[in-house]
Amino acid sequence: MQPRWQLLPAPGPGGPRPTAPMLALLLLLALQGAAAAPAGSAGSTGSEHSGWRQDAELQSGLLQQAARAALHFFNFRAGSPSALRVVSAVQQGRAWVNSKKERKVDLVFTTERYNPEEGEERLGKCSARVFFRNEKPRPAINVTCTRFVEKSKRQQEDYLLYKHMKQLKTPLEVVSIPDSHGHIDPSLRPIWELAFLGGSYVMWEKTTQFSHYYMAQLSSLKQWKTNDNAIDFDYTVLLHEFPTQEIIPCRIHLVWYPGKPLKVKYHCHGLQTPEEASGIEEGSAVAPTELSNF
Amino acid sequence: MTFPTSCSMRGLLILSVLLGAVLGKEDFVGHQVLRISAADEAQVQKVTELEYLEHLQLDFWRGPAQPDSPIDVRVPFSSVQAVKVFLEAHGIDYTIMIEDLQSLLDEEQEQMFAFQARASSTDTFSYATYHPLDEIYGFMDMLVAEHPQLVSKLKIGSTYEGRPIYVLKFSTGGNNRPAIWIDTGIHSREWVTQASGIWFAKKITQDYGQDPALTSILDNMDIFLEIVTNPDGFVFTHTKNRLWRKTRSITPGSSCIGVDPNRNWDAGFGKAGASNNPCSETYHGKFANSETEVKSIVDFVKSHGNIKAFISIHSYSQLLLYPYGYTTDPAPDHNELDELAKSAVTALASLYGTKFKYGSIIKAIYRASGGTIDWTYNQGIKYSYTFELRDTGRYGFLLPASQIIPTAQETWLALKTIMEHTMNHPY
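Sequence order as written defines residue numbering, which begins from 1 separately in each chain. Lettering for chains starts from A, numbering for ligands starts from 1, and both go in the order in which the items are written. Per-residue local features of the predicted model are confined to residues with pLDDT of at least 70, and side-chain atom pairs are confined, for both listing and counting, to 80 or more; whole-chain, interface and lining totals are unaffected and use all residues. Note that water and hydrogens are dropped before the side-chain values are worked out from all heavy atoms of the structure.

A. Highlighting the overall build of chain B. The helix and strand inventory of chain B stands at 13 helices and 12 strands. Radius of gyration: C-alpha atoms only; globule rule: 2.2 Å multiplied by the number of residues to the exponent 0.38. A compact globule built from 427 residues should have a C-alpha radius of gyration of about 22 Å, whereas chain B, at 27 Å, is more than 25% larger. When its C-alpha atoms are laid out on the principal axes, chain B stretches across 90 × 45 × 40 Å. Buried residues in chain B amount to 59% of all 427 residues. Contact criterion: two residues are considered in contact whenever any of their non-hydrogen atoms come within 4.5 Å of each other. When contacts within chain B are restricted to residue pairs at least 6 apart in sequence, long-range pairs at least 24 apart make up 74% of them. Numbering of helices and strands starts at the N terminus; helices are DSSP runs of H or I of at least 4 residues and strands are runs of E of at least 2. Summary of the burial criterion: residues with accessible area below 20% of their type's maximum are buried, those above 50% are exposed, and those between are partly exposed, where the area comes from a 1.4 Å probe applied to protein chains only.

Spelled out as structure tokens, the structure:
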């Protein structure tokens, strides 16, 4: 059975055609079976998409949604503030829908560094399977990306970032990054990146098939001292929500040490009716006691 | 309080000290600000004792708390020696953060005022920075004064809070020629758009008589440019909330303020794609054209009667959109609009490679009712487009000022494409 690929309408002539390596990558993905999938989804191998039928009216918006969600999750899991990525372009994708209107999306997309260095144009590539649970947030994600920063270089940069932050006078209190003019002081850049890392977790968890997020601004931050030398940030980010256009303040508490998994707790404010959305990363130890009144 | 390098933080700090100085008629000549490091509880205690010695007139900016927490204190000139002797005698470490507070204040004051110095002409105006409302209005007046034959300023109405709403008219003559309308800043937080509008205004005056395409356009048509389409909201983004989107009108019965001016037009008004909750960012208002900022444009467009292209500029997402947003029905001119959009984004990308997607609002972005260009299109203005400028989410609304000019430059190429097509396809 030849897979029918939905190619993206790209502005300008033509569009990417699936190449042999791409097809191989995607077949590999299909054969991998489900991972990070909650109960209730197909969780199948190969072409046994029981209960799933191909989503004929695949909208390009859905693939963008899936790419964003996959990358938020990837960034969070990678736990590396110096290796954050953003979506560059979706190359291929297809989707299935089931009777519960849940959607499963397979896609391939390119990425860029979130914080690109001068003149750096390198693109990374990711393939992902994303399960959207209709209007419910926290899509299940299985994503693999090509390594586009050498592991040792990445570790080195993370460690430099860590050292830089350790040198900032604690307790550090900061407001508004970037400032109104979009400026981030170079000395505060690592703070923004670490905040974005924590924000990625929140944005992943809040994403649904229909809503997505960008991090607009860090509106306050407190850095706490820890006994084990980890970086401990207690901060508020403003998330910009599509399609509602709302600005959602989320209080986030993260604990980070280079090379260790990120620990995140958060609490976002809803519109008018306080929609408490908070989450704790699975298996994480609870953060220092200073934050008992969250 | 730490001394971060960011100008605005420092400015705020200095401002508050200045204010204190002005109000309290103090000066700070010879005052020093010390940062004390208390190594243990005992030392913290010692410093706390200092606090109680009123005659020293110490002003703790960051008071003694726990060990390892810096203690910052302003020490009047007369107490400096005594305090230092005390600290040294007890082996308490300190550094001098500010040697002479007054000279720092003087320097900062100079800087602040220099930063705010008005440009005296549109040639010295800074296009690569974001300006507040009064500076933009000042720019408009300068531009008109410098090019009285080409540019005039029209007042088309007043905002909810009573500010004048201005439109620049670029015309080489004629009588009610077919016209192009461009507006920026209808959503106040989208700062790159107002900034681009300023750049467009200057560009038009520079290119008339120099650039064949623009010259031809202006020899045949007029251009109307409304740079700050939501002045109340814009002021609010400078003074209170950088991320404010809507107008600032009061909704009776609600504590929430403002209506989304891009949901307030009479096209599919109130249908799905807008909110009836006054607290929402997409609140459509009590009725279509309830917002004076919107009504002013409606009245202008209707009374002009000869507008042939209407372009409303937003950020961010990098999209070029045409009607409709309130319905999935394709616009009758869908094919032509799509083709033209494609040409326009190609032209845009030619400069810096910035990729824009294009399509109808409902397909390319989301369902939105009561939108500007749906109304203008239904009025018969065929070439109705909405732009969403840079970027795609990395900085979003807080686009660094360094990107203003590149954004304006590339967008201008797309605008010219649309304007030329409009001129060459009269209807």
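B. Seen up close, helix α8 (residues 231–239) of chain B. For α8 of chain B, the buried fraction is high: 7 of the 9 residues fall into the buried class. Buried within α8 of chain B are the following residues: P231, D232, G233, F234, V235, F236 and T237 of chain B.

C. Looking closely at the interface of chain B and chain A. Taken residue by residue, the interface counts 37 residues in chain B and 35 residues in chain A. Only one rule defines a salt bridge in this text: a Lys or Arg side-chain nitrogen within 4 Å of an Asp or Glu carboxyl oxygen. Where chain B packs against chain A, one counts 1 salt bridge. Between E112 of chain A and R394 of chain B there is a salt bridge, with the nearest N and O atoms lying 3.6 Å from each other. Identification of polar contacts relies on pairs of N or O atoms within 3.5 Å, with a donor-acceptor requirement for protein atoms, meaning one able to donate a hydrogen and the other able to accept it, and with residues adjacent in sequence counted only if both atoms are side-chain atoms. Counting across the chain B and chain A interface gives 12 residue pairs in polar contact (both at pLDDT 80 or more). Mapped onto the side of chain B that touches chain A, the elements with two or more residues apiece are α10 (334–352) and β11 (357–360) of chain B. Of the residues that constitute the side of chain B that touches chain A, the class distribution is 17 nonpolar, 10 polar and 10 charged. Under the scheme applied, nonpolar residues are Ala, Val, Leu, Ile, Met, Phe, Trp, Tyr, Cys and Pro; charged residues are Asp, Glu, Lys and Arg; polar residues are all the others, including Gly.

D. Main features of the pattern of salt bridges. In the structure shown here, the tally under the stated rule is 24 salt bridges over all chains. Of the charged contacts in the structure, one is a salt bridge between D72 of chain B and R62 of chain B, with a shortest N-O distance of 3.9 Å. Remark: R62 of chain B occurs in strand β2 (residues 59–62) and D72 of chain B occurs in strand β3 (residues 71–75); sequence separation between them is 10 residues. Here D72 of chain B matches R62 of chain B in class, with each residue buried. Note that E281 of chain B is salt-bridged to R189 of chain B, the shortest N-O span being 3.5 Å. Here the residue E281 of chain B occupies a position in the loop between α8 and α9 (292–304), and R189 of chain B occupies one in the loop between β7 (179–184) and α6 (191–207), the gap between them amounting to 92 residues. Take E281 of chain B and R189 of chain B: they sit in the same class, and that class is buried. Because the salt bridges share partners, they merge into one network encompassing R113, K153 and E157 of chain A.

E. Quick peek at unusual backbone geometry. Residues and elements named next belong to chain A. Put simply, I177 and P178 share a cis peptide bond, and its omega is -10 degrees. Relative to the elements of secondary structure, P178 occurs in the loop between β7 (173–174) and α4 (189–206). Here the amide bond leading from F242 into P243 is cis, since omega sits at 0 degrees, within 30 degrees of zero. Among the structural elements, P243 can be located in the loop between β9 (231–242) and β10 (247–256). Of note in this structure, Q245 is not a glycine but carries a positive phi near 70 degrees. Examined against the element boundaries, Q245 turns out to sit in the loop between β9 and β10.

F. Highlighting the packing of aromatic side chains. Here a pair means two rings of Phe, Tyr or Trp (six-membered ring of Trp) with centres within 6.5 Å. Their orientation is stacked below 30 degrees between planes, edge-to-face above 60, and tilted elsewhere. Tallied over the entire structure, the rule returns 32 aromatic pairs over all chains. When the NZ atom of lysine or the CZ atom of arginine is within 6 Å of a ring's centre and also within 35 degrees of its normal, the charge is said to sit over that ring. The cationic tip of K104 of chain A hangs over the ring face of W96 of chain A; the distance from NZ or CZ to the ring centre is 5.3 Å. Residue placement shows K382 of chain B over the ring face of Y427 of chain B; its charged tip is 5.2 Å from the ring centre.

G. Broad picture of the packing of helix α3 (residues 151–167) of chain A against α4 of chain A. Residue and element names in this part refer to chain A. For helices, the axis comes from a line fit to the C-alpha atoms of the stretch in contact; other axes are also lines fit to C-alpha atoms, and the angle between any two N-to-C directions lies between 0 and 180 degrees. Following both chains from N to C, one finds α3 and α4 inclined at 115 degrees, their axes separated by 10 Å at the closest point. In terms of orientation, α3 and α4 fall into the roughly perpendicular class. Considering only the axes of α3 and α4, their crossing is left-handed. From α3, L161, H164 and M165 reach across to α4, where they touch P190, I191, E193 and L194. Convention used here: angles under 35 degrees read as roughly parallel, angles over 145 as roughly antiparallel, angles from 65 to 115 as roughly perpendicular, and any remaining angle as oblique. Each helix crossing is assigned a hand: it is left-handed if the near helix lies turned anticlockwise from the far helix by less than a right angle, otherwise right-handed if that turn is clockwise.

H. Looking closely at the nonpolar core. Counting residues in hydrophobic clusters, the biggest one holds 161 residues, and the most contacted among them are F170 and F387 of chain B. Sequence-distant contacts of F170 of chain B, that is, excluding residues within four places in its chain, are made with L143, L150, V151, A201, I204, T205, L218, D222, I223 and L225 of chain B. By nonpolar core we mean a set of buried residues, namely Ala, Val, Leu, Ile, Met, Phe, Trp, Tyr and Cys, connected to one another through side-chain atoms within 4.5 Å.

I. Layout of the pairing of β11 of chain B. Residue and element names in this part refer to chain B. Where strand β10 (residues 319–322) meets β11, 4 bridges bridge the pair, whose relative direction is parallel. Along β11, the bridge assignment pairs L319 with K357. Handedness rule for crossovers: strands pointing away from the viewer, path from the first strand over the helix to the second running clockwise, crossover right-handed. For the crossover from β10 across α10 to β11, the handedness is right-handed. The pairing criterion is simple: DSSP has to find at least two bridges between the two strands.

J. Representation of the environment of T208 of chain A. All names here are of chain A. Note on placement: T208 falls in the loop between α4 and β8 (212–224). For the pair formed by T208 and K163, sequence separation is 45 residues and the distance between their alpha carbons is 36 Å. If sequence neighbours within four positions are ignored, T208 has contacts with Q65, F132, N134, E135, K136 and P137.

K. Representation of the confidence of the model for chain A in the model. Residue and element names in this part refer to chain A. What pLDDT reports is the predictor's confidence in each residue, on a scale of 0 through 100. With 72% of its residues at a pLDDT of at least 70, chain A reaches an overall mean of 78. Between residues 1–18, whose pLDDT stays under 50, and residues either more than four places distant or in other chains, the model counts 31 contacts. Contacts for the low-pLDDT stretch residues 31–48, under 50 throughout, to residues beyond four places or in other chains number 28 contacts.

L. The sheet that holds strand β12 (residues 383–389) of chain B, seen in detail. All names here are of chain B. One open sheet accounts for 8 strands, arranged β5-β6-β8-β7-β9-β12-β10-β11; its pairing is mixed. Strands at the two margins of the open sheet, each flanked by one partner only, are β5 (151–158) and β11. Averaged over all neighbouring strand pairs, the angle between strand axes comes to 20 degrees, with direction disregarded. Pairing analysis gives 3 bridges linking strand β6 (residues 164–170) to strand β8 (residues 222–226), with the strands arranged antiparallel. The partner of L168 across the bridge, within β8, is L225. In the packing of α10 onto the sheet, contacts are made with β10, β11 and β12, and the angle to β12 comes to roughly 40 degrees.

M. Structural detail: the state of the cysteines. All names here are of chain A. Throughout, a disulfide means two cysteine sulfur atoms within 2.5 Å of one another. In total, this model carries 3 disulfides over all chains according to the counting rule given. The partner cysteine of C126 in its disulfide is C145, sulfur to sulfur 2.1 Å. As the torsion about the S-S bond is roughly 105 degrees, the C126-C145 disulfide counts as right-handed. Note that C126 is positioned in strand β5 (residues 124–133) and C145 in strand β6 (residues 136–145), a separation of 19 residues in sequence. Take C126 and C145: they sit in the same class, and that class is buried. Here C250 is linked by a disulfide to C268, with a sulfur-sulfur distance of 2.0 Å.

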